[in-house]
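What the coordinates show
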Amino acid sequence: MAAAASSSMAATAFLIPRVPTAVRTTRCSALPPLPPRVSTASFSFSVKLIPESRRFSLLQTKSSEETSIDAEDLFTDLKEKWDKIENKSTVLLYGGGAIVAVWLSSILVSAINSVPLLPKIMELVGLGYTGWFVYRYLLFKSSRKELATDIEALKKKIAGTE
């Protein structure tokens, strides 16, 4: 019996993990430590120092227009616009074509993404094009004006007012 008790005590001593009394953490970062957190007591004290009229003016937000959307108004607008369309089959065909195009492009992007190194090359191409676009159209004031006129011309071309 004494042997069984000593073996069970040995098993329990072996299974119980030891908890260190003082936990030491080592920093492996070159970044400086964060400042200590501000306690809620000091925050509430600093809020009390602000005059009451200014405190409430900081919390108020102003809205220039009421933006509540009524679901019934939305559905009636959509129904009116749908009734005004003459070629409903064309609209449905274009909508279905857009959904199929998005689906196919998703398949194409996932296929490109599965090829090794190709996603990184595509990221570099995109980064290069973004840099060129910023240099060409956004960096200088005259080129920004040129971009704005190009966009307006494209809008007129799409709308058919040109």
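Residues numbered from 1 in each chain as written. Predicted model: local features only at pLDDT ≥ 70, side-chain atom pairs only at ≥ 80, totals over all residues. Heavy atoms only, no water.

Observations regarding the packing of aromatic side chains
Put simply, the rule reads: Working definition: a ring pair exists when centres of Phe, Tyr or Trp rings (six-membered ring for Trp) sit within 6.5 Å. Plane angles under 30 degrees give stacked, over 60 give edge-to-face, the rest tilted. Segments assigned H or I by DSSP are reported as helices when at least four residues long, segments assigned E as strands when at least two residues long, and all are numbered from the N terminus. Relative accessibility under 20% of the residue-type maximum defines a buried residue, over 50% an exposed one, and the middle range a partly exposed one, all with a 1.4 Å probe and only protein chains included.
Under the criterion given, the structure shown has five aromatic pairs. For the ring pair tyrosine 129 and tryptophan 132, a centre distance of 5.6 Å and an interplane angle of 35° mean the geometry is tilted. With tyrosine 129 and tryptophan 132 both in helix 6 (residues 118–138), this residue pair falls three residues apart, about one helical turn. Taking relative accessible area as the criterion, tyrosine 129 reaches 52% and is therefore assigned exposed. The class of tryptophan 132 is partly exposed, set by a relative accessible area of 42%. Plain terms: the ring middles of tryptophan 132 and tyrosine 137 are 6.1 Å apart, the flat faces sit at 85° to each other, and that makes the pair edge-to-face. Here a set of aromatic residues connected by ring pairs shows up, and it is made of Tyr129, Trp132, Phe133 and Tyr137.

Quick word on a negative patch on the surface
Selection rule: Candidate patch residues must exceed 30% relative accessible area and have no salt bridge, after which like charges are joined if within 9 Å and Val, Leu, Ile, Met, Phe, Trp or Tyr side chains if within 5 Å. Accessible areas in this description were obtained via Shrake-Rupley with a 1.4 Å probe; residue shielding takes into account the shown protein chains only. Should a side-chain nitrogen of Lys or Arg be within 4 Å of a carboxyl oxygen of Asp or Glu, the pair is scored as a salt bridge. Positive: Lys, Arg. Negative: Asp, Glu. His and the chain ends are not part of the count. To locate a charge, take atom NZ for lysine, CZ for arginine, CG for aspartate or CD for glutamate.
Residues Asp70, Glu72, Asp73, Asp77 and Glu80 make up a contiguous surface patch of negative charge. Position of glutamate 72 among the secondary structure elements: in helix 4 (residues 71–84).

Regarding the pattern of salt bridges
Within this structure, the stated rule accounts for three salt bridges. We note a salt bridge from lysine 79 to aspartate 83, for which the minimum N-O separation is 3.8 Å. In this pair, lysine 79 and aspartate 83 are both assigned in helix 4, four residues apart and thus about one turn of the helix distant. Linking glutamate 152 and lysine 155 is a salt bridge whose minimum nitrogen-to-oxygen distance equals 3.5 Å. Taken together, the positions of glutamate 152 and lysine 155, both in helix 7 (residues 141–159) and three residues apart, correspond to about one turn of that helix. With a relative accessible area of 49%, lysine 155 lands in the partly exposed category.

Some details on the confidence of the model for the protein chain
Formally: Per residue, pLDDT captures the predictor's confidence, and it can take any value from 0 to 100.
Per-residue confidence for the protein chain gives a mean pLDDT of 77; residues scoring 70 or more make up 61%. Between the elements of the protein chain, mean pLDDT differs from a low of 50, seen in helix 1 (residues 2–15), to a high of 94, seen in helix 6.

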